[in-house]
Each structure stands twice: as structure tokens, then as C-alpha cells.
Amino acid sequence: MQKALTGLNVLEIHSNLGAAYAAMLLAEQGADALKVEPQGGARERGTPHFHALNRSKRAAFLDIGVSAAGRATLESLLGWADVLITGHTTAQLRARALDFDSVHALNPNLVALNISPFGACGPEADFDANDDLAAARAGITGNQWARSGDPVALVFPAASYSAGVMGASAAVAALIARERIGAGQSLDVSLIAGALSLQRSGAIRHERMTTLYHGPQDPLGPIPCYRLFEASDGKYLFVACGNATFWGKFALAVERPELVSDPRFENAPWGIPAEEWQPLKDILEAIIRTRPRDEWLRILRENDVPCAPVMTRQEFIEHPQVTALAMRREIDDPMLGRTIQSGIPVGLSETPGEIVGPAPIASDVRGSTRIAAADDSGAARKFSPTSKADGKGPLDGVMVLDFASYIAGSYGPMILAQLGANVIKVESLEGDAFRHFGFGFLGWNQGKRGLALNLQSPEALDIARGLAERADIVVENLRPGRMKRFGLDYESLARRNPRLIYMSVNGFGNRGPEHNQPGFDPLLQARSGVMAAEGGHHGHPVYLTCAICDYGAAMLSAFGCILALYARERTGRGQFCETSLLQAAMAFQAGEFIFYKGRPDMENGHAEYRGRAALARAYRCADGEWLFLSAENASEWAALRRLFVSLPALSHEAAASEPNDGFLADALSTAFAAISRAEALSQLADAGVRATHVHHFKDLFDDPQIAANELMVELSHSEWGRVWQTGMLMKFSATPGRIERAAPLHGEHTDELLREYLGYDAARMADLRARGIVN
């Protein structure tokens, strides 16, 4: 069966994890992906991340920066490719003649994607940062909760996975735009942008903003009834009562119905006064400790209370629901032997993806007919552009009908809006349940227009169906089967619009023994092993404030929609697409979801985890500010010893193996505690040792590197006026697009949309509003 990207050629130059992941995502949707590594192979070969993120590719070892023969082969490959993927600083691209001007001269059709460390411009465009440093600088490390209030590093490269998914989406969107403008373009998706994409609701600034969370930071969860609990057998479960309905069911399930009417807790779950949080935690914790976990899971599920056990990654990948979604795959790797890995995280009914094979051994591509740009590949492709590059986004002209809510449903259509699509957010008359998050709602719904309908009314359903007939994409995130009740399921809408692309996003997928369970981000955090990994082998599990399952599912849904749009240009048909929080939980831990004999321990975090090693962790400075150090090569260690002469005289190998809480970490803590952060960062930069700020949300808006790359934007909101939030995170040179508006008010554009698309006049709209059909 044809795949979405069949016939496309992808050339990846070995660099960072984000670039590797982007190339793999494209390869497993049908592209012919070739990875170029240094002679002798990448030094990361043999590591879990290399083998998990380089499946389905071919590989070649080339001296692209040294020998004339290697350069000549590279130039042939550049002529063959439709997409070039790199992960370099601006200076590194220029030094290797991989900057856009150089590659565009060889192949004007080339889409050149760079997963840069800190962005394509600005004072630190040439800072060769890794995932740890990007997570620190973009706020992930500083905003992870700990009882101490100090930074906590994640035990997996979340920023890289996010940048990889965004980069793959940007590349396919640029290929769609290439049909319109007749040429390739350069794209930049930085690791910092990847980190910011996972924090859209927190990275917002407004004078009226307040926090929903009070008191000490709790690594077990944000509020008393949306958190981790320890049962009588010492095992943990997460209970996710995110609205008043579930809170009421929880109180009944634990046989304490009076808690609902208790005046101390009457505004539960999110509106409990700060002084009453701990009393309610104490009550609930004592109750849950009276029974073993499995008994509580049974009781809570019988009462329709969202809950999940804390599992390890290895337990989760063997779960029947994971198998039902084909997310457990056995792959024979030529270097590692038999492995178990995660599957394809996005489903397309007509052009499904496929794992082609394991991470490759090297092949000789010199003289191969498969690298010649012939007929309809690479530089030889012919286009009949319909317009010049006009600054509009790559998805200009695409109409999206967004029936989704919460984060996992809403953020995907917002990404499409940022890429130029016309997105209509359709809400009930009650509105998206996550509007109660106030400013957070702006982080998931930017750029959309708002329409409010009473879908219990036949007339409102007629409006929805009329819009769906004109739409290119429909997105929904109800539990499986719910849209069919309204006649708004894929089969019903596709009969009237066969070109329709329909994306379903839910908790556990559309099939399998638990497909109909309610899904919230922390429930999949708990199941997928990330809470257990972050907490480590000897501590309690840790709730991640960075909602990788919600944001991940949303980003994957946008990727799926873009893939289906590209496929439709060749087939003329739409299709049903799907992803889930379960698949996102695995996709955003793809390099950890690989199991084989000899796999290293990647589940060794702690509630106060500062980093992977003494030379790769956060340190507090004299002024109370934190920096993140990443001094992992021999020259950096030597420079660090010259800078701090009191450090122990260790070889680089010995220093690199020092743990994050040993004597070397103590020595470095003492050294940094004697100087301010600004002084420390200046001295480290002068010495050639990599380090950066540990930011919190408030710091992001004044960061010169973030500002130089225009990752924040000021918008005007219809109610709140000026608001600053994350802006365009994917950068396109020829089709940059623009953010048209802040998130809409409830039903803000109802009249405008009914007039524009269905031709309703003022009298008809007034009648519909008077009868409670629209708002």
C-alpha cells in the first residue's frame, strides 16, 4: 500500500537527536531516508537512542568536510534529496557548506530543515547546546516541581522529541507549499522551540495572571484530587479528578460523599482555597492507604473515576492495550540483537506508515543509481507554481473544523493555524471545559475563530455538517464513538465530502480492551513509566509538570493532518487519521522504549534530580540563581579544572563517570556557590565550557536569544488586551505566515462564520441565538 511520503527522498546529516527523530518519522511514512555519518560511523552507535531513532533509514559513512570525493558524493546526494535534515549551529552549517544559500544553489527544490540548538540567529546562534541545556534555558528544568523548589532535570530528552515531531511536520508542510510556490525553502526548529512547545500554557505573561497552584510545589501532583496516591501495599496510582463531576464520583467511590458539600472544599477541584489543600490531601491520602492499589483501581473504575496505576516502561510495553494499537514491535537489530520497540504513533487509514527495518549498518552509496536526481525526484522535480512566495503560511487556504477541547485536542489545530490554516473552533454552548484555566486556554487556541453551537439541536447539526462539507480537515477528541451520535463521525461526513481528512485524538486509541477509558495526561504519564523513571528505583514516582502526553498527542495529530494533506494531493482522497495520549506517551519517550539484552538503566531519576552526572547537572550560584553545566568532552573538563583549581585531579574518563551527587558534584557546588551566575556563565563561556541559565517562565520573555528568534509574540485579546505568549516556533524562510489573533472568546465569531460560509443573514442568526441554537 502506498504511504503518505512514497517517492520522496530525505538526506540526514548526523547531528542531534531531534534531527534523527524527524528523519525517522518521515522515513516511516514512506520517504527514502539516507543518514550520512562520519567515517567509521557515529560515536553514538550502540546506544539505545541511536538504534531507536534511526530505524527505517539507510546509512553511508562519508568524509563530507575533508575529502574531495566525499564532498562530491554529498553534492550528488543534495541533488537527489527533497528534504535535507541537519542539527547544527549557524556557523557549523556555513563551515560545512550546508547553509541554505549553498544547498539551494545545488538544488532549488530542496527543503532544508535545521534542528538548531538555540535558533538560527541571535547572540547564541553558534552555541552548540544539547537537550539538557535547551530544557534548562527554555524552562522545563526550572519549572519541574520539587519540594525544595529547586530545579529538577528530566531523565529523557523531551525537547529533542518535541523538536523532531515539529521538524517533521514543518518539512511536510514546506513540501505542500513547494507545490504552490515552485521552490524549496529553509526551515528552523530549535531545541528551545521544542521545549517551549511542551509548555504553551505556562509561557504566558499578563498583568492579571494568577496561579492555580498554591503552597509548596508537590511532585505528586498539582491539587488534592489530581495527584499520585500510595496504597496500602506501597504501590502508587494516579487519580485525575479534573472537573467537578469526577470529583463528585471520587467522593462517592471512597464513601465520603460529605466531602462534596464540605464548605472548605465546595469549589473543588481547582478552586479550593490554598489553606484547605493540605487538609484535603491528608484526608484522601489516609483513605487510599487503607486498601491495596488493585482494589482501589477496581473501585474507582466501577465509579467512572479516571485513574491509572504507576507502571514501569517495560511493564507498559507489554500491556494488551499497547499491543492492540501495534505500539509494541519486535525488531531484530544487527548490532543489538532482538529488541522490543515502540510502533508508529500516527495512524492513516489509506496511507499507513510502516517500520521498514532496524537502525542501519553502513552501505556504499557512491555511484548508486538511487542517488541520482532523475525524473521526479530532488532537483529534477518539475513544478507549476500557482503563486510566488507571498509570506503566507504553508497551509494557506486549508480549512480546519476543530471540534476538540482540552490540550490534546485543541493544540493540534492551533499548530495548523500557525501554519496558515483557517481554523474554526466549534464549542458547545457551555464552552470548552478548559476555559476555566483562564490564560492557559490562550496557549492552546491561538489563531482560531470561535463558533458556539448547541449540537443537541438538528439546526445546529445542519450548520456543523454544512461547514464540514467545505472543510479540508476535521479534528475531534471525544471518547470513541461519541461523534457518531451526532452524525459527525468520519463515515457520515466523508459521504458528503470524500476529500475530508478526519483526525481523531483520544486517550487510549479507537480499539483494544481499554480504548473507551477516559484519558488525561497524567494517567498516561503514570502508565507509560515516565513517572516511575523520573522518581527512580528508590523513591516515589514524580508527576511531570511538562505535559508530554497532552502536548505530544496534539503535535502528532498536526503531523498526521499534514501527512494526509500531502497524500491527498496525489490520491485526491481524504482519509481517517488517529493518534492518542498512549501513542504520544511512547513517541515522546521513543529512545527509552527500546528493550534488549544489555540495555542501560534509563529509569534512574529522583524527586530532586539535578542532572545525569556531576558534569551534566544544575548548580546554584552565590546569588541564588541556577545554571546548568554540560562539560562532557575532554577539552571542557580540562578548561573547567583550569577555571576552578580546587577541583580534584581526575582524568576526563573518571570525571565523566562521576555521579550527580558524588564528591565531584560537591566540589563543583562549592565552586559555583562562591560566584554569581552571571560571573560563572561569563567565565565558562570564555573558557569554552558549555553552560546556560536555568529559566523559569517569567524569565523567558526577557531572554535575548529567545527574543532574537521571535519565539514570543505580543497579541491583542478581545477581553484581556495585550498578552505575551509563545509564538511561531517553526520558522519558514519563504512561507513564514503570521499569527492572526489570540484565542477567541466563546462564540466570538459565530455571526461572522455563519455569514461567510453559509450565507446566513442577521435576522436568521438572531433567531437562532434567541432559540438557544447558537451563541
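Residues numbered from 1 in each chain as written. Predicted model: local features only at pLDDT ≥ 70, side-chain atom pairs only at ≥ 80, totals over all residues. Heavy atoms only, no water.

### Regarding the side chain of Lys 35
Reasoning step 1: Summarising the element assignment, Lys 35 is placed in strand 2 (residues 32–37).
Reasoning step 2: Under the relative-accessibility criterion, Lys 35 is labelled buried at 1%.
Reasoning step 3: There is a polar contact of 3.3 Å between the side chain of Lys 35 and the side chain of His 14.
Reasoning step 4: Those residues within four positions of Lys 35 in sequence are excluded, and the remaining contacts are Glu 12, His 14, Ala 20, Phe 50, Asn 54, Lys 57, Arg 58, Ala 59 and Ala 60. (Helix = DSSP H or I, 4+ residues; strand = E, 2+ residues; numbered from the N terminus. Buried < 20%, exposed > 50% of the residue type's maximum accessible area, 1.4 Å probe, protein only. Polar contact = N/O pair within 3.5 Å; in protein donor to acceptor, adjacent residues only side chain to side chain. Contact = heavy atoms within 4.5 Å.)

### Description of the nonpolar core
Reasoning step 1: In terms of nonpolar packing, the biggest core is built from 181 residues, with Leu 26, Phe 250 and Leu 395 touching the most fellow members.
Reasoning step 2: Per-element accounting of this core gives the leading share, 16 residues, to helix 23 (residues 548–571).
Reasoning step 3: For Leu 395, the residues in contact, after removing those within four places along its chain, are Ala 173, Ile 176, Leu 416, Leu 419, Gly 420, Ala 421, Ile 562 and Leu 565.
Reasoning step 4: Counting 32 residues, the second-largest nonpolar core is a separate cluster that includes Leu 451, Leu 455, Ala 460 and Phe 486. (Core = buried A, V, L, I, M, F, W, Y, C linked by side-chain atoms within 4.5 Å.)

### A few points about the sheet that holds strand 8 (residues 226–230)
Reasoning step 1: Here three strands make up an open sheet; going across it, the order is 8-9-10 and the pairing antiparallel. The open sheet has two edge strands with one neighbour each: strand 8 and strand 10 (307–309). Adjacent strand axes in the sheet meet at a mean angle of 20°, parallel and antiparallel pairs treated alike.
Reasoning step 2: Docked against the sheet, helix 12 (residues 277–288) engages strand 8 and strand 9 (236–240), running at close to 45° with respect to strand 8.
Reasoning step 3: Together, strand 9 and strand 10 form the strand contacts of helix 13 (residues 293–302), whose direction differs from that of strand 10 by roughly 155°. (Pairing = 2+ DSSP bridges. Axes fitted to C-alpha atoms, helices over the stretch in contact; angles between N-to-C directions.)

### Some words on the environment of Asp 703
Reasoning step 1: Among the structural elements, Asp 703 can be located in the loop between helix 29 (697–700) and helix 30 (704–708).
Reasoning step 2: What makes Asp 703 buried here is its relative accessible area of 3%.
Reasoning step 3: Considering only alpha carbons, one finds Asp 703 and Arg 738, 35 residues apart in sequence, at a separation of 22 Å.
Reasoning step 4: Setting aside its immediate chain neighbours within four residues, Asp 703 contacts Arg 137 and His 695.

### Regarding unusual backbone geometry
Reasoning step 1: Look at the link from Ala 268 to Pro 269: it is a cis peptide, with omega at 10°.
Reasoning step 2: Summarising the element assignment, Pro 269 is placed in the loop between helix 11 (258–261) and helix 12.
Reasoning step 3: The phi dihedral of Glu 710 falls on the positive side, at around 50°, and the residue is not glycine.
Reasoning step 4: Along the chain, the position of Glu 710 falls in the loop between helix 30 and strand 25 (712–717).
Reasoning step 5: Look at Glu 710 and you get exposed, because its relative accessible area is 56%.

### Observations concerning the pairing of strand 5 (residues 111–114)
Reasoning step 1: The side-chain alternation of strand 5 yields two buried faces, one formed by Val 111 and Leu 113 and the other by Ala 112 and Asn 114.
Reasoning step 2: Direction of pairing for strand 4 (residues 83–86) relative to strand 5: parallel, over a ladder of four bridges. When the sheet's bridge partners are listed, Thr 86 is paired in strand 5 with Asn 114.
Reasoning step 3: In the sheet, strand 5 pairs with strand 6 (residues 186–188) via three bridges, with the strands oriented parallel. If you follow Asn 114 over to strand 6, its bridge partner there is Asp 188.

### Focus on helix 28 (residues 677–687)
Reasoning step 1: What helix 28 keeps buried is the set Arg 677, Ala 680, Leu 681 and Leu 684. One side of helix 28 carries all its buried residues, which in axial view fall inside an arc of 95°. Turned more than 90 degrees away from the buried face of helix 28, the exposed residues are Ala 678 and Asp 686.
Reasoning step 2: Each element contacted by the buried residues of helix 28 is listed here: strand 23 (626–630), helix 25 (634–643), helix 27 (663–672) and strand 24 (691–693).
Reasoning step 3: Where helix 28 ends, the next residue or the one after it, Gly 688, has phi of about 80°, a positive value. (Arc of directions from axis to C-beta.)

### Some points on the packing of aromatic side chains
Reasoning step 1: Counting across every chain of the model gives 24 aromatic pairs.
Reasoning step 2: Ring geometry for Tyr 21 versus Tyr 161: centroids 5.5 Å apart, planes at 75°, classification edge-to-face. Here Tyr 21, found in helix 1 (residues 17–27), pairs with Tyr 161, found in helix 8 (residues 158–181); they are 140 residues apart in sequence, far enough to count as distant.
Reasoning step 3: Measuring from centroid to centroid gives 4.2 Å for Phe 439 and Trp 720, while their planes differ by 35°, and the two rings are tilted. (Phe/Tyr/Trp six-rings, centres within 6.5 Å; stacked < 30°, edge-to-face > 60°.)

### A look at the environment of Leu 768
Reasoning step 1: Inspection of the secondary structure puts Leu 768 in helix 32 (residues 762–770).
Reasoning step 2: Here the alpha-carbon distance between Leu 768 and Ala 135, two residues 633 residues apart in the chain, equals 49 Å.
Reasoning step 3: Beyond its immediate sequence surroundings of up to four residues, Leu 768 is in contact with Glu 459, Ile 463, Tyr 760, Ile 773 and Val 774.

### Describing the side chain of Lys 425
Reasoning step 1: Turning to its location among the elements, Lys 425 is positioned in strand 15 (residues 422–427).
Reasoning step 2: There is a polar contact of 3.1 Å between the side chain of Lys 425 and the side chain of Asn 445.

### Some thoughts on the sheet that holds strand 18 (residues 501–506)
Reasoning step 1: Pairing within the open sheet is mixed, and its seven strands lie in the order 13-19-18-17-14-15-16. Every other strand in the sheet has two partners, leaving strand 13 (347–348) and strand 16 (449–452) as the edge strands with one partner each.
Reasoning step 2: Across five bridges, the pairing between strand 18 and strand 19 (residues 576–580) is parallel. Its bridge partner being in strand 19, Met 503 is matched across the sheet by Cys 577.
Reasoning step 3: Against the sheet, helix 31 (residues 750–758) engages strand 14 (399–402), strand 15 and strand 16, with an angle of about 90° to strand 16.

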